[in-house]
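Fold and contact review
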Amino acid sequence: MAQSHISPERSLVPPWWVWIGLGTISFFLFLGLGIFGIVPVPVGLDLDIAWSHETRTTQYIPTYVPNNGKELVFVYIGSSTCGFSNDESLPALIERVKVELHRKAQAHGLDFSAVGVAIDWHVPHGIKHLEKFGLFNEIMTGENWQGTGARQHFGGSLSGESSTPQVLAYVRSIQGGGVERSDQYYHESDKHLLARKIGLDGISQWAELGLPMPTDILSLDS
Amino acid sequence: MLKTPTPGICLLLLALASSIQLSAQDRGRIIDRNGVSVSPGTRHPTPENIPEACPPDLALRESRNASERVFLGGIDADSVVLGVLEGKHHEMFGYIADVATDGLETLYVLDSEYNEVRVFDYSGNFLGSFGSPGRGPGEFRSPQEIAVSGRTVFVVEYLQVHVFERQESGFLLTDSFKKDFMGFRGNCAMNGHLYTVGYSPEEEHVVHKLTVDGISEASFAEPYSSANTAVQTVISSDGLLACSEKHRIVGVIMDNVPTLTAYTEDGVVAWRTRLTDFRPRVMEELIDEGRAAILQGREGYLHTLFSDGADHFYLGYYTAGYDEDDYANHIFRIDVRTGKGEHLGTGNVAAVNGGSIFVASHHPYPRIIIYKRKDAD
């Protein structure tokens, strides 16, 4: 009777740590493929891999939810045909302002939205210009200075100097809004200007100072 | 009057020059696509547009050690600061477009960002505000200057004037009128009238005396002379004015033209003084994309002219570019009665009244500093 030369120590079954390693690699591989849409994931599984809020705030990410209360609105107004609006330093500056204002709004318990306005005749040119400035909740372009975007932000309680680039910050209250609610339920308060900064220097200086705004208008109680 | 030049103003001037469509008057010149006669390379102001001093020896010269002589450095004064970096609405300024004083120890600060006038006493106490954003009477959309005569306050926007009357209860809007010829700046008030710089090819003169209802009672001062009507219009539409209510004299200096002229309220020349060391910025005629335009350099810039309510005008100009680090801001004090003046040094001053000196600054944030001279009392 031949003796077996296979000792129990040399079994073909991999040790436990190999299984754990393979399992871990497979999990992350599947997870990665799922995130990039290469393999299907179960419906309703909302994969959201993110750094903590403090470390990801270099870009403003709009949230598309109904606001119901006091809101800080930031408006960038530029033009594809204005040399100063196309300065290469401006997009980063505007992004920084959006992020910081969003943070300020949150600190004051206010909702926030960012609006982009391009003073252009040609709508595609206006959209292309605004694309350089990151994400907005809303954009307006076309009809140049007679367009709705211009008239909305240079008239009434937001009257001011018509030039580009410039930024506005104002507060308003929206009441009655909700998912699938029609316009008749909405009530918008008067708009109160917090700041209007004109030109690269004006915007940059405002940002350097920490975006100061009247605290009594910004207050939730006002 | 306090003015800070911005690229926007330059662009507006360029646009104004570019947009005026006039027929050619001189066949020896180049005609642009809008029919405007242009002499490319011609630099303004031309010598014939710089009036001689009257009497001939009147001149304002910078003192030799001007760069070391700081106007406010030699004054013994207490100071009060108006404006905070961040605070309540009435505590912080948006953009200080202009300031004015009256003989009633009242300081008016025109804020063109928040579109209102803030009123303070000379100790810095906030007394109230008037005006609001909008396009109706008494509403501002981009106010440029404020002029005060007694209890009458004129707030001037491009092509529009709002008139307020100071009453016990506050400031009452009494009128609001449009004038098509008004320029970007150049306003003062005395004896219940507004004096304003404005020009269009239909106008014979550049300084207009208006009633509180906007009626033109008189006009005087010759426009800038150029065969290019666009150039003539641009340069003649911009200037600085100061009114001496006490002596009934109007001081006029047109943009980039280094001669200060004093007129009686009827438009008779009282004296003329030359700014011998002021270097006008180069304004060169050119054709830009087929249209007439003026290329503006960044050298000298006349930015301040006001009356102290007593016997003097104060005149200020930059000698270099607009950037904070590369200009010197020279200040002169001129006797309204004689035209003789002295160089006070460099610095920044927006208004002087009684023993108080008012400085407006936008760095690091908008503020007014009131200096009260200790030797004033």
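You'll find the structure just up there.
Okay, so let's go over this structure. Fair warning: this is a prediction, and the values are worked out from it, not measured in the lab.

**Overview of the sheet that holds strand β30 (residues 351–353) of chain B**
Residues and elements named next belong to chain B. If you walk across this open sheet you meet the four strands as β5-β32-β31-β30, and the pairing is antiparallel. Edge strands, defined here as strands with exactly one partner in the open sheet, are β5 (77–82) and β30. Each strand of the sheet is rotated relative to its neighbour by a mean of 20 degrees, with strand direction disregarded. Here β5 pairs with strand β32 (residues 367–373) via six bridges, running antiparallel.

**Digging into the interface of chain A and chain B**
On the chain B side, the residues contacting the 21 residues of chain A number 22 residues. Listing elements by their share of the side of chain A that touches chain B, those giving two or more residues are β6 (192–198) and α6 (215–218) of chain A. No other element matches the four residues that β6(A) contributes to the side of chain A that touches chain B. The residue makeup of the side of chain A that touches chain B, split by class, is ten nonpolar, eight polar and three charged.

**Examining the nonpolar core**
B:Val99, B:Tyr108, B:Val109, B:Ile146, B:Phe154, B:Leu241 and B:Phe358 are the most contacted members of the largest nonpolar core, which has 93 residues in total. The residues touching B:Phe154, leaving out its near neighbours within four places in the chain, are B:Ile146, B:Ala147, B:Val161, B:Val163, B:Asn187, B:Ala189 and B:Leu194. Grouped together as the second largest cluster of nonpolar side chains are 38 residues, A:Tyr60, A:Ala105, A:Ile119 and A:Leu130 included.

**Examining helix α2 (residues 90–107) of chain A**
Residues and elements named next belong to chain A. A rise of 1.5 Å per residue sets the reference length of α2, with its 18 residues, at 26 Å; its end C-alpha atoms lie 25 Å apart and thus fit the reference within 8%. Each element contacted by the buried residues of α2 is listed here: β1 (69–78), β2 (111–118), β4 (166–175) and α5 (199–208). Just downstream of α2 lies Gly-109, where phi reads positive at about 75 degrees.

**Digging into unusual backbone geometry**
A:Thr164 connects to A:Pro165 through a cis peptide bond whose omega is -5 degrees. By the element assignment, A:Pro165 lies in the loop between α4 (148–153) and β4. Here B:Cys54 and B:Pro55 are connected by a cis peptide whose omega angle stands at 0 degrees. On the secondary structure map, B:Pro55 appears in the loop between β3 (43–44) and β4 (59–60). Backbone geometry at A:Asn144 places phi at a positive 50 degrees, although glycine is not the residue there. In this structure, A:Asn144 sits in the loop between β3 (138–141) and α4. Judged by local crowding, A:Asn144 falls into the partly exposed class, with 16 C-beta atoms found within 10 Å. Phi at B:Leu159 takes a positive value of approximately 70 degrees, unusual for a residue other than glycine.

Cut-offs and rules
Residues numbered from 1 in each chain as written. Chains lettered and ligands numbered in written order. Predicted model: local features only at pLDDT ≥ 70, side-chain atom pairs only at ≥ 80, totals over all residues. Pairing = 2+ DSSP bridges. Helix = DSSP H or I, 4+ residues; strand = E, 2+ residues; numbered from the N terminus. Axes fitted to C-alpha atoms, helices over the stretch in contact; angles between N-to-C directions. Contact = placed C-beta atoms within 7 Å. Nonpolar A, V, L, I, M, F, W, Y, C, P; charged D, E, K, R; others polar. Core = buried A, V, L, I, M, F, W, Y, C linked by C-beta atoms within 7 Å. Buried ≥ 20, exposed ≤ 12 C-beta atoms within 10 Å, placed from the backbone. Expected span 1.5 Å × (residues − 1).

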